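Summary of the model geometry
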Amino acid sequence: MICDNLSVKNGHLYFAGRDTTELAARYGTPLYLMDEERLRRNCRVYREAMGRSFASALPLYASKALACRRVYEIIAEEGLGADVVSAGELYLARSAAFPMDKVFFHGNSKTDEEISFAMDCGVGYFIIDNADELAAVERIAAEKGIRQKALLRLTPGIDPHTFAAVSTGQVDSKFGVPIETGQALTFVRQALELPHIHLRGIHAHVGSQVFTSQVFYDTADIMLRFMAELRDKLGYTAEILNLGGGYGVRYTQSDPVVDIAGEIGKVAEHVKAGCAALGLPEPMVLMEPGRSIVADAGLTLYTVQSTKTIPGYRSYVSVDGGMTDNPRYALYHASYTIEPAGRMDDERDFVCTVGGRCCESGDMIQEDVALPRLQRGDLLAVLTTGAYNHSMASNYNTVARPPIVMLSGGRDYVAVRRETFADLAAREL
Ligand SMILES: *Cc1c(COP(=O)(O)O)cnc(C)c1O
């Protein structure tokens, strides 16, 4: 099994110690399950390792991975901060009583309304993406008579060699201001001149599904050199260095296991050495894990509705969900592991494409999956779906979104209920 919260008993898949077939029977499918203990454990790995390794540090949960009130509550209880990327996420975080001073507001296209709302919420930090936003934050902070804490988002010019769709650190990016072109230096100078901006530091996020710390070493090297340049040219010492997203997760057996605590320790050594070499004081270091907090704490259950074999081509299995609850295969052919939740001990001699229910040929969950000869009514479990599934879900085909059921110490409870027909019609006038 790809994660130790999965096991098999009597041919049934168990998740967080619970029989997934029983949970499917109780709550119906499609169904998102979340393992609360695993979620908390993932938080603690980052918090404890960062606390131990850096002079000063805070992990921020990148809540776009899974934004719901219960998750914000758990993240707050575990002592992490949070990234939000919209007024909507901020609203949800506030409704969970998330401590606003630990919220960082990201995004490359914040509207005046969102900027104003975030300030009214008392958001801790803006991570300012570009010069237009910098001017808008200054203007709105002045109107409100406040001085807004901020970091500036820079692009260090690194390609992390992952998928193009999830790479963000190269010079040619819609996010942030490049260091290489000299624009970042101007950006910092401008921010320092603004009376209602309190510049606390700099940010870079190079990409996702990062399995080795080399990317963080490279990011830290470039950012620390830039901090030394800021000190030498502008007399400014950045107090906070945000190194961006967290480590990768195991979607399949071929993804490596990352010792996150060990890797964070090595990154901290690298940062320490870099600061010493440049004569910089050690900054407070932030990281922004999203998927590695929630992905392996999640699992999706579906019920098979049909199977068919086209001789000479392939076999299809259609399930009662699809791109509406998990669009990641349709978007960028993301890999997932699929298990026959109620027939774990059966021979897997049926190679098939697991397709969704939507009227879109690209609506697939995965291709070339080896499963038992399935029948209508059989259950399928898609593993590692805690990140970027519920948060990317849609109502395409007017399909209701599944509930999120949390599993915690033998208990199960609904964190987000299943959407109803009334919900689907709620905005119609
Ligand atoms: C998406 C994102 C993250 C989180 O990435 P994960 O791969 O989910 O850990 C962190 N920081 C920024 C700026 C992001 O855009």
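Note that the structure is predicted; figures quoted are calculated from it, not measured.

Within the protein, the secondary structure is distributed over 12 helices and 21 strands. In terms of overall dimensions, the protein is globule-like: its C-alpha atoms have a radius of gyration of 23 Å, near the 22 Å expected for 429 residues. Structurally, the protein occupies a C-alpha span of about 70 × 55 × 45 Å along its principal axes. The buried share of the protein, taken over its 429 residues, is 57%. Within the protein, contacts between residues at least 6 apart in sequence are counted, and of these 70% link residues at least 24 apart. Between the centroid of the 43 positive side chains of the protein and the centroid of its 54 negative side chains there is a distance of 3 Å.

Once that is clear, we can look at the layout of surface pockets. The space that makes up the second largest pocket amounts to roughly 430 Å³. Along its surface, the second largest pocket is lined by 26 residues, and Cys3, Arg38, Asn42, Val258 and Asp296 are the ones closest to its centre. The set of elements that each furnish at least two residues to the lining of the second largest pocket consists of α2 (36-53), α9 (260-278) and β14 (298-309). Ranked by residue count, the leading element in the lining of the second largest pocket is α2, at five residues. Class assignment for the residues of the lining of the second largest pocket results in 14 nonpolar, six polar and six charged.

Glancing now at empty space enclosed by the protein. For the coordinates displayed, the defined rule picks out two cavities of 30 Å³ or more. When its volume is computed, the largest cavity comes out at roughly 40 Å³. Around the largest cavity, the lining residues are Tyr32, Leu33, Met34, Leu66, Gly298, Leu299, Thr385, Gly386, His390 and Ile404. For the lining of the largest cavity, the secondary structure elements donating two or more residues are β4 (31-35) and β14. Here the lining of the largest cavity gets three residues from one element, more than from any other, and that element is β4. Broken down by class, the residue content of the lining of the largest cavity amounts to six nonpolar, four polar and no charged. Estimates place the volume of the second largest cavity at around 30 Å³. Every element with two or more residues in the lining of the second largest cavity is listed here: α8 (214-234) and β12 (240-245). The leading source of residues in the lining of the second largest cavity is α8, at three residues. In the lining of the second largest cavity, the residues fall into five nonpolar, three polar and no charged.

Turning our attention to the site of the ligand. Close to the ligand lie 14 residues; Lys64, Ser208, Glu288, Arg291 and Tyr388 are nearest. Contacts to the ligand include glutamate 288, whose side-chain N or O atom sits 2.7 Å from a nitrogen atom. Take arginine 291: an N or O atom from its side chain is 2.8 Å from an oxygen atom of the ligand. For the ligand, whose unbound accessible area comes to 390 Å², protein coverage reaches 93%. By residue class, the composition of the shell around the ligand is three nonpolar, seven polar and four charged.

Calculation rules
- Residues numbered from 1 in each chain as written.
- Predicted model: local features only at pLDDT ≥ 70, side-chain atom pairs only at ≥ 80, totals over all residues.
- Heavy atoms only, no water.
- Helix = DSSP H or I, 4+ residues; strand = E, 2+ residues; numbered from the N terminus.
- Rg over C-alpha atoms; globule rule 2.2 N^0.38 Å.
- Buried < 20%, exposed > 50% of the residue type's maximum accessible area, 1.4 Å probe, protein only.
- Contact = heavy atoms within 4.5 Å.
- Lys, Arg positive; Asp, Glu negative; His and termini not counted.
- Charge placed at Lys NZ, Arg CZ, Asp CG, Glu CD.
- 1 Å grid on protein atoms, 1.4 Å probe; cavity = no way out; pocket = protein on both sides within 12 Å on 5 of 7 lines; lining within 4 Å.
- Points joined across faces, edges and corners; volume = space filled by probe spheres on them.
- Nonpolar A, V, L, I, M, F, W, Y, C, P; charged D, E, K, R; others polar.
- Near = heavy atom within 4 Å.
- Polar contact = N/O pair within 3.5 Å; in protein donor to acceptor, adjacent residues only side chain to side chain.
- Areas by Shrake-Rupley, 256 points an atom, 1.4 Å probe, with all protein chains shown as cover.

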